[in-house]
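Structure assessment
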Amino acid sequence: MTTESLATGEVLMELCDIDMSFTGASGERLNVLDAVNLQLREGEIVALLGRSGSGKSTLLRLIAGLLAPTSGQVTYRDAPLRGANPGAALVFQSFALMPWLTVQDNVELGLAARGVAPAARRQRALEAIDRIGLDGFETAYPKELSGGMRQRVGFARALVLEPDLLLMDEPFSALDVLTAENLRTELVNLWSTKDFPTKCVCIVTHNIEEAVQLADRVMVLGSNPGRIIAEIAVDAPRPRDRRAPGFEALVD
Ligand code: ADP
Ligand code: MG
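Residues numbered from 1 in each chain as written. Chains lettered and ligands numbered in written order. Predicted model: local features only at pLDDT ≥ 70, side-chain atom pairs only at ≥ 80, totals over all residues. Heavy atoms only, no water.

Attention now moves to the site of ligand 1. Inspection of the region around ligand 1 gives Phe22, Leu30, Val32, Arg51, Ser52, Gly53, Ser54, Gly55, Lys56, Ser57 and Thr58 as its neighbouring residues. One of the backbone nitrogen or oxygen atoms of Ser54 is found 3.2 Å away from an oxygen atom of ligand 1. Contact between ligand 1 and Gly55: an oxygen atom at 3.0 Å from a main-chain N or O atom of the residue. For ligand 1, whose free accessible area comes to 560 Å², the fraction covered by protein is 62%. When the residues that make up the shell around ligand 1 are grouped by side-chain class, the tally is 3 nonpolar, 6 polar and 2 charged. (Near = heavy atom within 4 Å. Polar contact = N/O pair within 3.5 Å; in protein donor to acceptor, adjacent residues only side chain to side chain. Areas by Shrake-Rupley, 256 points an atom, 1.4 Å probe, with all protein chains shown as cover. Nonpolar A, V, L, I, M, F, W, Y, C, P; charged D, E, K, R; others polar.)

A few words now on the packing of helix α2 (residues 103–113) against helix α4 (residues 147–159). Contact pair α2 / α4: the axes reach a minimum separation of 8 Å and the direction vectors enclose 35°. Considering the relative orientation of α2 and α4, their crossing is right-handed. Contacts between α2 and α4 involve Val103, Asn106 and Val107 from the former and Val153, Ala156 and Arg157 from the latter. (Axes fitted to C-alpha atoms, helices over the stretch in contact; angles between N-to-C directions. Helix = DSSP H or I, 4+ residues; strand = E, 2+ residues; numbered from the N terminus. Left-handed = near helix turned anticlockwise from the far one by under 90°. Contact = heavy atoms within 4.5 Å.)

Turning next to the pattern of salt bridges. Summed over all chains, the structure comprises 13 salt bridges. One salt bridge in this structure joins Glu44 and Arg217, with 2.8 Å as the shortest N-O distance. With a gap of 173 residues between them, Glu44 in strand β3 (residues 44–50) and Arg217 in strand β9 (residues 217–222) connect regions that are remote in the sequence. The residues Glu44 and Arg217 share a single accessibility class, namely buried. When salt bridges with common partners are traced through the structure, they connect Glu10, Glu42, Arg77, Asp164 and Lys199 into a single cluster. (Salt bridge = Lys/Arg side-chain N within 4 Å of Asp/Glu carboxyl O. Buried < 20%, exposed > 50% of the residue type's maximum accessible area, 1.4 Å probe, protein only.)

Keep in mind these numbers describe shape, not what the thing actually does.
Have a look at this one:
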């Protein structure tokens with residue numbers, strides 16, 4: 001299936017003919033993804049939309065390189081992906097913060113793992129914390145924060161890595177409606193910032209309105225097994241369409 005994409009950027013990730021199966025509890029094969037083809041390009045927000053169990057998180061883990069497919073190829077910048085994707089950072093539905101670490105230390109963790117020196121780590125974490133609106137909460141612990149603020153920490157922890165690809169697995173599902181709306185707006189605002197380093201956002205959701213609100217392109221996953229049953233190019237003027245001709249005239 002091919003649909004004209006709004007994005008014309010360079011291909012960052014390519015998944016070709018991906019099958020993914022797991023072995024179930026009683027030894028049976030569980031076919032989760034079947035013949036999935038997906039490209040993620042620079043300059044686009046892509047939503048993976050599907051029901052619970054359709055394989056969205058599995059697909060995101062394949063893109064992140066946390067799983068290898070049963071068959072098919074995953075490439076990042078034209079090279080086969082082996083192990084964790086060096087260009088990707090993840091945001092999770094359940095935030096996945098370390099409860100024993102402060103906001104600052106949670107945000108620094110990924111930089112520490114990548115060998116960034118302490119002074120640079122601290123500087124970059126403070127910038128990310130500030131950027132996401134958590135200035136003043138550096139020494140707070142996750143349990144002292146609201147759900148929305150915890151997810152802001154989740155965002156900061158991903159953004160501090162300056163990833164090419166921001167992979168988000170139902171990042172707003174655990175939040176109340178207003179908080180979710182605020183954070184969606186924040187995401188679009190960040191995306192629209194000229195110096196935002198991330199080149200592509202891939203967001204998993206079961207919420208069709210959210211998919212259409214945020215994404216340039218929506219890939220719809222059907223269930224049992226998960227396969228892409230529709231690709232929708234969303235065509236609405238939004239702040240992030242800054243890359244489109246005439247955008248400056250719309251916003252300025
Ligand atoms: P979604 O995110 O769309 O809800 P998932 O990708 O989490 O779907 O899961 C798709 C299917 O794959 C589900 O039936 C789930 O139980 C199964 N599954 C996911 N990961 C594993 C695993 N590691 N082992 C066995 N089954 C799995
Ligand atoms: Mg999931």
